[in-house]
Amino acid sequence: MTKVLVLTQRSVREALRTPEALLPTLFIPLFFLVVNVGQAARIFPSGSTPFLAGQNYAAFQLPSSLLLAASFGSAALYLVEDIEGGYFDKLRAAPVPRTAIIFGRLGAEALKTTAIASTMVLIALPFGITIASGFLGFALLILLTASWAVVFSGFMQLIALKTRSAAATNSAGLIFFPLLFLTPSFVPRPLLTKPMEIAATYNPVTYIMEAMRSIVLQDLDWPVIARGYGVVAILGVVMVSLSVRSIRRYD
Amino acid sequence: MALAIEAEQLVKRYTGRGGDVEAVRGVDLRVEEGEVFGFLGPNGAGKSTTVRMLTTLMTITSGSARVAGVDVTADPDTARQRIGVALQEAGLDVRQTGRELVMLQARLFDMSREQAAARAEELLELVDLVESADRRIKGYSGGMKRRLDLASALVHEPDVLFLDEPTTGLDPASRLTVWDELQRINERGTTIFLTTQYLEEADQLCDRLAIIDGGVLVGEGTPAELKAGLRQRHGLTYEPTLDEVFLAATGRTRERVAGEVQEVQA
């Protein structure tokens, strides 16, 4: 456990010393939030749009932006740097459990996403967005966002370990776009066209987004929240297990 | 004397893009405790692959290896406790400071924060990096990086230190500094296994040498034995240099090895 913490601290330090990589993970999602709301808010006025539950369209869009903020997978890009620079071998030649190398980076990713997601919500509050489910809801929202960051970074780390290439890892990150856009990101699922609704139903990110949205727009809706957390838990176990397996077989 | 490294019939085979490759083909090694052992060979001869197998970084296809008395395949974690590793191209996290890097390494070897801080100070002094210890590694010169890499490989006072081309790319002054440090480390009782392409370096530093080519050992002995052997075999009337030994052992000509093996004068 100490080794995971030591490696997490190192990864946090690394992120803080690379502001040029850290700041876009805050500003790009905020940019998308502003643009999406700017384009569609007048179509969905809060007074006459039932799915907004009395809030403005920005509140509906906030989960998409949080998911985007959690999907940069920068932990994997730092891992590729370690592999290419030789530091990864230095770690592997030390008596460090392979799982600690994976969890150290994922721990830092969770902490970083917690900070970024909290900042995003705090920035959003003065613009009329409220977390309807209160402080517990806020905590659940941030935890779910951070958990998704761990899942997505786990996937990216898997690609990094398999390919050992920054270009391939970067390209793999683009999978987030279909994952994010084949969801009810602009309107709830029942309002999507049939093909989009089918795609969204099969997309696991849909359930995470719906859980986040319910936290923002409604009081705590436990079945919906549990479904979101369940999806993250299953994907997390799969991604982390595959990453650990991959690092153990790394030759 | 006890053996620090003992390898029997080491083989590494893997499938590359061009098909099956046998990078190491039955290498036997016996390195005694306290020795500085040089492992020479041209590029692609199997030096680094052998080092990676001995340091648990690569699986062994067949054969066996014991380092500091530990079977590296059966008990890699114990082996890692007893070895220090500085691989080709100093493997450092350049966003950290020198002190942070050495302390992190010490923490990974189960030292407390206080022990790690004290050990870092001691090692940074040993490699003469105290003044730049709190600067980011990104700004270090090549020689400083190599010395820091050495320091981080020594945090746990390893029984055996593996160095893969520790002076490649260094200027003569930095090379001399690294040589001095290696001699000091060896005097403290650490066995050193180093690969190098610099024959002068091997001649200066190593008690014994092995030459590998095409994945097999083609010569082994002290520098003096290897030179005397060549002198006898070829009836030479002068003392041959180590690069002549190398050329004879690998069946290469000077033209063919251009760019593969270099002789340097530090």
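The rules we used
Residues numbered from 1 in each chain as written. Chains lettered and ligands numbered in written order. Predicted model: local features only at pLDDT ≥ 70, side-chain atom pairs only at ≥ 80, totals over all residues. Heavy atoms only, no water. Helix = DSSP H or I, 4+ residues; strand = E, 2+ residues; numbered from the N terminus. Rg over C-alpha atoms; globule rule 2.2 N^0.38 Å. Buried < 20%, exposed > 50% of the residue type's maximum accessible area, 1.4 Å probe, protein only. Contact = heavy atoms within 4.5 Å. Lys, Arg positive; Asp, Glu negative; His and termini not counted. Charge placed at Lys NZ, Arg CZ, Asp CG, Glu CD. Salt bridge = Lys/Arg side-chain N within 4 Å of Asp/Glu carboxyl O. Nonpolar A, V, L, I, M, F, W, Y, C, P; charged D, E, K, R; others polar. Phe/Tyr/Trp six-rings, centres within 6.5 Å; stacked < 30°, edge-to-face > 60°. Lys NZ or Arg CZ within 6 Å of the ring centre and 35° of its normal. Axes fitted to C-alpha atoms, helices over the stretch in contact; angles between N-to-C directions. Parallel < 35°, antiparallel > 145°, perpendicular 65-115°, else oblique. Left-handed = near helix turned anticlockwise from the far one by under 90°. Expected span 1.5 Å × (residues − 1). Pairing = 2+ DSSP bridges. Right-handed = clockwise from strand over helix to strand, strands pointing away.

(A) How the structure looks around the overall build of chain B. When its secondary structure is counted, chain B shows 10 helices and 10 strands. A compact globule built from 266 residues would reach a C-alpha radius of gyration of about 18 Å, and chain B, at 19 Å, matches this within 12%. A principal-axis box enclosing the C-alpha atoms of chain B has dimensions of 60 × 45 × 40 Å. Burial statistics for chain B: of 266 residues in total, 56% are counted as buried. Taking as baseline every contact in chain B between residues at least 6 positions apart, the subset at least 24 positions apart corresponds to 66%. Of the side chains in chain B, 31 bear a positive and 44 a negative charge, and the two mean positions are spaced by 5 Å.

(B) Spotlight on the interface of chain A and chain B. Taken together, the 26 residues of chain A in the interface contact 33 residues of chain B. Its salt-bridge partner being Glu100 of chain B, residue Arg13 of chain A comes within 3.7 Å of it at the nearest N-O pair. Of all elements in the fold, only α1 (2–16), α5 (74–85) and α6 (87–92) of chain A reach the threshold of two or more residues within the side of chain A that touches chain B. Among the elements that line the side of chain A that touches chain B, the one with the most residues is α1 of chain A, at eight residues. Among the residues forming the side of chain A that touches chain B, the class breakdown is 10 nonpolar, five polar and 11 charged.

(C) Seen up close, the packing of aromatic side chains. All names here are of chain A. Counted by the stated rule, this structure contains 15 aromatic pairs over all chains. The interplanar angle of 65° and the centroid separation of 6.5 Å between the aromatic rings of Phe176 and Phe177 together place this pair among those described as edge-to-face. Given the relative accessible area of 2%, Phe176 is considered buried. Of note, Arg164 hangs over the ring of Tyr250, and the distance from its end group to the ring centre comes to 3.7 Å. If you follow Arg213 out to its NZ or CZ, it ends over the ring of Phe60, 3.5 Å from the centre.

(D) Structural view of the environment of Glu114 of chain B. Of note, Glu114 of chain B is situated in helix α4 (residues 113–126). Accessibility expressed as a relative area gives 58% for Glu114 of chain B, which makes it exposed.

(E) Seen up close, unusual backbone geometry. In the Ramachandran plot, Arg164 of chain A falls in the positive-phi region, its phi being about 55° despite a non-glycine side chain. Take Arg164 of chain A: it is sitting in the loop between α8 (134–163) and α9 (166–173). You will see that Asp128 of chain B, though not glycine, has its phi angle at about 60°, which is positive. If you trace the backbone, Asp128 of chain B turns up in the loop between α4 and α5 (142–153). The exposed category is assigned to Asp128 of chain B, whose relative accessible area is 59%.

(F) The environment of Ala74 of chain B, seen in detail. Tracing the backbone through its elements, the reader meets Ala74 of chain B in the loop between β5 (70–71) and α2 (76–82). Put simply, Ala74 of chain B and Gly251 of chain B are 177 residues apart on the chain and 37 Å apart in space, counted from C-alpha to C-alpha.

(G) Structural context of the packing of α5 of chain A against α8 of chain A. Residue and element names in this part refer to chain A. Interhelical geometry of α5 versus α8 gives an angle of 25° and a closest axis separation of 8 Å. In terms of axis orientation, α5 runs roughly parallel to α8. Of the two elements, α5 crosses α8, and the hand of that crossing is right-handed. Facing α5, whose interface residues are Ala75, Ala76, Leu79, Val80 and Ile83, α8 presents Ser153, Met156, Gln157, Ala160 and Leu161.

(H) Structural detail: α8 of chain A. Residue and element names in this part refer to chain A. Counted at 1.5 Å a residue, the expected span for α8 with its 30 residues is 44 Å, and the 43 Å between its end C-alpha atoms agrees. The buried fraction of α8 is high, at 21 of 30 residues. Among the residues trailing α8, Arg164 stands out with phi positive, at a value near 55°.

(I) Local environment of the pairing of strand β10 (residues 216–221) of chain B. All names here are of chain B. Relative to β10, strand β9 (residues 208–213) is paired through five bridges, and the arrangement is antiparallel. Counterpart to Leu209 in the pairing with β10 is Gly221. Hairpin connection, β9 to β10: the antiparallel pair is bridged by two residues, and Gly214 has positive phi, about 60°.

(J) Quick look at the sheet that holds strand β4 (residues 62–67) of chain B. All names here are of chain B. Strand order in the open sheet formed by four strands is β2-β1-β4-β5, with antiparallel pairing between adjacent strands. Among the strands making up the open sheet, the edge pair consists of β2 (19–32) and β5. Along the sheet, helix α1 (residues 47–54) makes contact with β1 (3–16), β2 and β4, crossing β1 at roughly 115°.

(K) Inspection of the pairing of strand β7 (residues 160–164) of chain B at higher detail. All names here are of chain B. Burial within β7 is extensive, with five of its five residues counted as buried. What you see with β7 is no split at all: Val160, Phe162 and Asp164 on one side and Leu161 and Leu163 on the other are buried throughout. Pairing of strand β6 (residues 83–86) with β7, which is carried by four bridges, proceeds in the parallel orientation. Paired with Val85 across the strands is Phe162, a residue of β7. Both β7 and strand β8 (residues 191–196) contribute to a ladder of five bridges, which runs parallel. Paired with Leu163 across the bridge in β8 is Leu194. For the crossover that starts at β7, traverses helix α6 (residues 172–187) and ends in the parallel β8, the hand is right-handed.

(L) Summary view of the environment of Gly230 of chain A. Here Gly230 of chain A is to be found in helix α13 (residues 222–248). Taking C-alpha positions, Gly230 of chain A is 8.8 Å from Ile208 of chain A, a pair spaced 22 residues apart along the chain.

(M) The sheet that holds β7 of chain B, seen in detail. All names here are of chain B. Ordered by their spatial adjacency, six strands build an open sheet running β6-β7-β8-β3-β9-β10, and the pairing between neighbours is mixed. Only two strands of the sheet have a single partner each, and these edge strands are β6 and β10. The average angle at which neighbouring strand axes cross in this sheet is 15°, direction not considered. In this structure, strand β3 (residues 36–40) lies alongside β9, joined through four bridges in parallel fashion. By the bridge assignment, Phe39 is partnered in β9 with Ala210. Against the sheet, α1 touches β3, β6, β7, β8 and β9, its axis set at about 150° to β8. In the packing of α6 onto the sheet, contacts are made with β3, β7 and β8, and the angle to β8 comes to roughly 150°.

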